[in-house]
Structures are given as structure tokens and as C-alpha cells.
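Coordinate inspection notes
Residues per chain, in single letters:
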Amino acid sequence: MAENVEEPWSRSKGMFASLLAGPVVFLFLFLLAPLAIIWGYSFGHTQGLKEIVVDGTFGNYAHALNPLYLSILLKSFVFAVLTTGICLVVGFPVAMAITFAKPQSRAWLLLLIMLPFWTNLLIRTYALMAVLRTQGYVNVLLGFLWGGLSHALATLHLAHLGAFHPLDLLYNNFAVVLGLVYVQLPFMVLPLYSAMDRLDRSLLEASLDLGAGHLRTLFQVVVPLAMPGIASGVLVTLIPSLGAFLTPDLLGGVDSQMIANVIERQFKAANDWPFGAALSFLLMYVTFAAIALQSMFTPKGGRR
Amino acid sequence: MADTARLPKPKPGPLDYLARWPLRLWVAGTAVFLYAPLITLMVFSFNNSRRNIVWRGFTLDYYGQVLQDESLQHAFVNSLTIALVSTVLSVILGAATALLLWRFRFPFKAGLEGALSIPIVVPEICMGVAFLVFFTKVVPWPTALPWPLNLGAIIIAHVSFSFSFVASVVRARLASFNREMEEAARDLGASEWRTLMDIIVPHMQPGLFAGGLLAFTLSLDDFVITFFTSGPDTITFPVKVYSMIRFSVTPEVNAASTLLIVITVALTAIALRLQGGDAGRDAL
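Residue indices begin from 1 for each chain and proceed along its sequence in written order. Following the order in which they are written, the chains are lettered starting with A and the ligands numbered starting with 1. Only residues with pLDDT of 70 or above have their local features reported here, since the model is predicted, and side-chain atom pairs are shown and tallied only from 80 upward, although totals for entire chains, interfaces and linings are computed over all residues.

Time to look at the overall build of chain A. Elements are defined by DSSP. Helices are runs of H or I of four residues or more, strands are runs of E of two residues or more, and each kind is numbered from the N terminus. Each helix and strand in chain A was counted, giving 13 helices and three strands. What you see for chain A is a C-alpha radius of gyration of 25 Å, clearly larger than the 19 Å of a compact globule of 304 residues, by over 25%. For chain A, buried positions account for 42% of its 304 residues. Across chain A, every contact between residues at least 6 apart in sequence was considered, and the portion connecting residues at least 24 apart equals 71%. Each radius of gyration is computed over the set of C-alpha atoms, and the globule rule expresses the reference value as 2.2 Å times the number of residues to the power 0.38. Field definition: a residue is buried when 20 or more other C-beta atoms are found within 10 Å of its C-beta, exposed when 12 or fewer are, and partly exposed for counts in between, with C-beta atoms placed from the backbone. Contact between two residues is assigned whenever their backbone-derived C-beta positions fall within 7 Å.

Along the backbone of chain B there are 15 helices and one strand. In chain B, which comprises 284 residues, the share counted as buried stands at 41%. Across chain B, every contact between residues at least 6 apart in sequence was considered, and the portion connecting residues at least 24 apart equals 73%.

Once that is clear, we can look at the domain arrangement of chain B. Residue and element names in this part refer to chain B. Each domain's extent is set by a domain assignment, obtained either automatically or from a database. The assigned domain composition of chain B is domain 1 (2–46) and domain 2 (63–283). When each unit is reduced to the centre of its C-alpha atoms, the spacing between domain 1 and domain 2 is 33 Å. Facing four residues of domain 1, the contacting portion of domain 2 comprises six residues.

Contact with chain B, which involves 67 residues of that partner, is made by 80 residues of chain A. Of the residues contributing to the side of chain B that touches chain A, the split by class is 50 nonpolar, eight polar and nine charged. Judged from the two bridges that link them, strand β1 (residues 7–8) of chain A and strand β1 (residues 104–105) of chain B form a sheet pairing that is parallel. Residue pairing across strands places Pro8(A) opposite Arg105(B), the latter belonging to β1(B). Ten residue types, Ala, Val, Leu, Ile, Met, Phe, Trp, Tyr, Cys and Pro, are classed as nonpolar, four, Asp, Glu, Lys and Arg, as charged, and the remainder, Gly among them, as polar. Here, strands pair whenever DSSP counts at least two bridges between them.

Further remarks concern the environment of Pro186(A). Residue and element names in this part refer to chain A. Structurally, Pro 186 can be placed in helix α7 (residues 173–198). With 22 C-beta atoms counted inside 10 Å, the residue Pro 186 sits in the buried group. Placed 91 residues apart in sequence, Pro 186 and Ala 95 show a C-alpha to C-alpha distance of 9.8 Å. Setting aside residues up to four positions removed in sequence, Pro 186 forms contacts with Ile 113, Met 114, Pro 116 and Phe 117.

A separate point is helix α7 (residues 124–138) of chain B. Residue and element names in this part refer to chain B. Take the number of residues in a helix, subtract one, and multiply by 1.5 Å to get its expected span. Compared with an ideal rise of 1.5 Å per residue, which puts 15 residues at 21 Å, α7 spans 20 Å between its outermost C-alpha atoms and is within 8% of the ideal. Judged by how many residues are buried, α7 sits mostly within the fold: twelve of 15 residues are covered. Buried within α7 are the following residues: Glu 124, Ile 125, Cys 126, Met 127, Gly 128, Val 129, Ala 130, Phe 131, Leu 132, Val 133, Phe 134 and Phe 135.

Before going further, it helps to spend a moment on the packing of helix α5 (residues 121–132) of chain A against helix α2 (residues 21–43) of chain B. Remark: α5(A) packs on α2(B), axes separated minimally by 8 Å, with the N-to-C direction vectors making an angle of 85°. As judged from the angle between their axes, α5(A) and α2(B) are roughly perpendicular. Where α5(A) abuts α2(B), its residues Arg124(A), Ala127(A), Leu128(A), Ala130(A) and Val131(A) lie against Pro37(B), Leu38(B), Thr40(B) and Leu41(B). Angles here are taken between N-to-C directions and fall from 0 to 180 degrees, while the axes themselves are lines fitted to C-alpha atoms, restricted in helices to the stretch in contact. For classification, angles of less than 35 degrees are called roughly parallel, those exceeding 145 degrees roughly antiparallel, those between 65 and 115 degrees roughly perpendicular, and all remaining angles oblique.

Below, the discussion takes up the environment of Phe76(B). On the secondary structure map, Phe76(B) appears in helix α4 (residues 70–103). As a C-alpha pair, Phe76(B) and Tyr63(B) span 13 residues in sequence and 14 Å in three-dimensional space.

Residue and element names in this part refer to chain B. Interhelical geometry of helix α9 (residues 152–174) versus helix α11 (residues 192–221) gives an angle of 155° and a closest axis separation of 8 Å. As summarised for this structure, α9 and α11 are arranged roughly antiparallel, according to the angle between their axes. Crossing handedness for the pair α9 and α11: right-handed. Across from His 158, Ser 162, Phe 165, Val 166, Val 169, Val 170, Ala 172, Arg 173 and Leu 174 in α9, the residues of α11 making contact are Met 204, Pro 206, Gly 207, Leu 208, Ala 210, Gly 211, Gly 212, Leu 214, Ala 215, Leu 218 and Ser 219. Looking at the contact of α9 with α11 residue by residue, the class counts come to 13 nonpolar, six polar and one charged. Each crossing is labelled by how the near helix is turned from the far one, with a counterclockwise turn of less than a right angle marking it left-handed and a clockwise turn marking it right-handed.

Before going further, it helps to spend a moment on the nonpolar core. Within soluble globular proteins, side chains that are nonpolar generally end up buried alongside one another. Judged by nonpolar contacts, the single largest core of 158 residues is most densely connected at Leu192(A) and Val129(B). Take this core: its biggest share by element is 17 residues, from α7(A). Buried Ala, Val, Leu, Ile, Met, Phe, Trp, Tyr and Cys residues form a nonpolar core when they are connected through C-beta atoms within 7 Å.

On to unusual backbone geometry, then. With a phi angle near 55°, Asn271(A) is a residue other than glycine that sits in the positive phi range. Notably, Phe108(B) is not glycine yet its phi reads approximately 65°, a positive angle. Using a count of 10 C-beta atoms within 10 Å as the deciding quantity, one classes Phe108(B) as exposed.

Attention now moves to the confidence of the model for chain A. Overall, the prediction assigns chain A a mean pLDDT of 85, with 95% of residues at 70 or greater. Taken element by element, the predicted model of chain A shows its lowest mean pLDDT in strand β3 (residues 51–54) of chain A (79) and its highest in helix α3 (residues 67–99) of chain A (93). You can read pLDDT as the predictor saying how much it trusts each residue, on a scale of 0 to 100.

Residues and elements named next belong to chain B. Mapped onto the fold, Ala 210 is located in helix α11. Residue class for Ala 210 comes out buried when judged on the 21 C-beta atoms lying within 10 Å of it. Along the backbone, Ala 210 and Val 91 are 119 residues apart, and their C-alpha atoms lie at a distance of 9.7 Å.

What follows is about helix α6 (residues 137–155) of chain A. In this model α6(A) runs 27 Å from its N-terminal to its C-terminal C-alpha over 19 residues, within 8% of the 27 Å that 1.5 Å per residue would give. His157(A) occupies a position one or two residues after α6(A) and carries a positive phi of about 55°.

All names here are of chain B. A residue-level look at chain B finds 90% of positions with pLDDT of 70 or above and a mean pLDDT of 83. Across residues 1–5, confidence stays below pLDDT 50; counting only partners more than four residues off in sequence or on other chains, it has eight contacts. Confidence drops under pLDDT 50 across residues 278–284; counting only partners more than four residues distant or on other chains, this segment forms 16 contacts. Scored by ipTM, the complex comes to 0.83, with pTM at 0.84.

See the structure below:
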């Protein structure tokens, strides 16, 4: 981009206008307008069954501060942070293995990470449901192992284990976090990989030559150099996790609903659009705050 | 590779982390975590048992049922139509946006770039409810329209979240354009539009293709935003699968999911190959 000199728009007005018209009209009409309307609704209230009156009330936001909703917002945040943390811990070694692999195996490893990423979110979530449910493969496998162990112990007259009780792996908080990690992991690995791929390997070799161990090199050389990648990986994992709707909806139980599920309910079953609008904007503000925080972090690690 | 070749030891080089067993184990474990659920899903779509846990022999019955299911077919045709139309529109709008941002300096440019990042940063659920309100209250989309037209609201929603992705892909491609080519064309007497069409657009082509494919996959895969904009007659494939999943885990859903997985993976592989990008050339 450096050598590309942008010309002032007034030099070729005709082309500028014809390029500008479509995107700007579309952006204003079909992106900014819908969001602006929701924003307006968040300061209104429902009247009767269908009518929404925008009267500048802050009642919806006050209602959102009700401990019930506040705790759901907090829970969403905890789930998202937990998911991001697990993805970072699981994804970092994977990204490192990809970075330092030989070129042929690197392409295959990248494909390995990307392939689930191209698979529909709904289908990946469904695949997890099939694995985790009471009669799912995990429980069947555990039951089989338990049966074998119990049989072995009984023949040796050691102990009687009794019948196998399937674990409740689905419809709880565990399933939601596992589902989020499952869905978001590729989003974490890719930015980590692209950051580490750019770093100067001679620095790592220098660190090893000068006597630092691999772990020390990892934490004092690789991690600081990969910081911009870590920051963007955290962001692209955190934001979708925070606003996740499908995962808690399909994998969660009654007490593992996240903020997106509450928003959906306001717009569908509960039919309280202004309150749902206020919750949507609260979620957006939290998201923007996370982005602002990340952009404060990034320049320290060096600009791309 | 040059780093490791220089080392005299026959052992793997110090940076050859993949040769170390703990890291191999870690990568293998991650792969199992990512793939085991999907592979079991696909394998058990051929299982001749409704209970769907123990293998009872091979069957294609569920594929037959899926292919004969009219509501699934209808949903699938809807999804493809929406994806095709919204891809064409997204590529046109995205290319125009990319050219605009690449070529010109103008007031409010930062504002435009900010607006373009909205679909990337705003949570899907917020976009979904915004479109729900927009298309029911503000510009009620008529429900009784004949077939392709009733999908209009969903198509508009898909274009508005995918064209900025297309724009960023195309813009990245434009960064490698050599401005001297354009100047040469102008010097040789080509008009501004002729230069655009004959010199710049051909250079943009791989970006247009990659962006188009991205838009197609985004549209075909989207559930959350479509869920809020679709009505009873405008069910898409993911929305239909969602309603099936809500009830139970069945072999039919496994079969339908397998079909969708195969279609998306095949499309993406073709795209990577045609695009000839790094990942594509090396991996395929």
C-alpha cells in the first residue's frame, strides 16, 4: 500500500461518484438505518400489542440493570473469557507447531485447522450434541470401558463397581463452554499463526544459543513478539463468544442462557422489542469496549 | 527449512518443534477434538439404525429420505438462490468500495471505513434483530410475493453483512497493482473507464473470485441473521436444519448435514485451487 498514491476525489468526479453511490446508499439504507432504528427503540416502550412509542425513556436500560439480566450479562462475559483463555492455551502450541513445521506439512496442518472452519456452525454444534448427549458416543464409550473394568475387577474378586451412570454432559454450562471452544478454536489459531510466521527466527536461535531454555525462549521471546497476533486472536474469539446465540441455545440448559438468548426471547416469545433493543446495544457497547481495549494494546507490539 | 539445514546435528533442529512428541501429541489431540464429532456424524449418517449409536450396517436410506423431503429441498433451493444473488450483489458493491478506498482520497473516508467494519464487529444477534425490526416495521417486506422475490429481505440482509468482507479481500488484492500499468494505458490514449475495465478489473479478478466465494459461503452458512429475517415461506437450509435439530438427533439430520459439509468443503477447495493462493497451491 505504501507506494500507492491516492488521488483527490475531485480529479475524476464522474468515476468517484459512480463508485461511491452504490455502497453508500446500501450502507445507509440497509445497515446504518436498521441499527439506528433499534437504537431509537431502545429508548421507547411498547404500547398495546404492536405499537412502539419512542419517548426517550431510559426505562429499558434501568430494567437491564436488574440483577437477573446483569447476572446473565456477567455470565456471558465469564463464558466468553473462559472460552478465549482455553482457546489461547490450546491454540498456541498448535499455531507454533504449524509455524515451525516443514512447508509441506505446514500446508496440511493449516488445512486441518481450516476445514472445520468452513463447516457450518449449526452442523458443528449439532455434531457436538450427538457426541455429548446421554446416549451419545462419549457416554457409550465410557459405559463400555466401565463395563470392561467392572468385569475385570469382579473376576479378580477385587470390587463391584455397580452399574454405569451416564454423565450429564449436555444442557449445562460445561457443554456451552466446550461448544464455544469447539467453534472458536480455528479463529484463535489463524491470527496466532500469521503473527508467529512473520517473526524473525534468528532471534529465537540467538536466545537458544545464548543459553535460554525452550520455555524461557517461549515466554520471553516468542510470546512478546507474537503479542499483536495474540491480541487479535483474543478479540476474534471473544467477540463472537460474547454474542453467541446458537451454542447456548442448543447446548445450554435453563441456567446457561447467554445474553443473545435473552435478546432473542425479547424479540420473539416475550415480544418486548424496546427492552431487547436496549440489551442489544448494551452487548454492542461491551463489544466496542473490548475492541477499544485491544487497539490500546496493539501499538505496543509494533504495527503491522 | 534453511534454518534447520544449516545445523550440523542429524537430530531435528532446535526450532523443529513439530518433531517433539509433546507437541505432536498436542496437535493430534486438537485434531481429534475438532474432527471426531464431525466424522462420527458423517459415518453414522450411513448407519442402518434409528437409535444411531451402535453400528448396524450400511444404508443410504436416510439420504433417500433427505432427497425426497420436499421441505428440505425447498429450503435448499432457497439457500442456493439467496447465496447466488447476494454473492453477485456483494461482489459488485464490494469491488466498487475497494476501488473507491484504494484510489481516492476524500472527506469522510475514515467514516466510510468505520461503517464498513460494522458487520465485522457488531455481534450477529444485534444485526439479526435490527433486520427483523427493519423488515417488519419500517419497510415491511410483502409476504405474498412470488417465489424469488419473497427472498428479497434475506438477500438484502446477506449483502449488507457480506459486501464489506468482499471489499477487504479485493482491496488487499489491489494493493499489489502496479500503477505504472494504468499510467501506460492512459498515455496510450485509453479513457479512464477503458483503463478501469481493461487494466484494473483484470488485475482484481482473483480478489473478486475469492471475495465472491467468501460471500457465497457466508450466505450459505448464515443462521443467526437469516433466522430473524426469514418467514414461514422463506425457510433456508440452516433454518430448516435448526428446526429439525431442536427436536432430536436423527439420522436424517446427519445425512442432510453431511451433504452440506461436502458441498461447502468442495466449494472452498475449488476456490482455493482456482485462486492459486499459497494455501491452495500447497495443500491441494
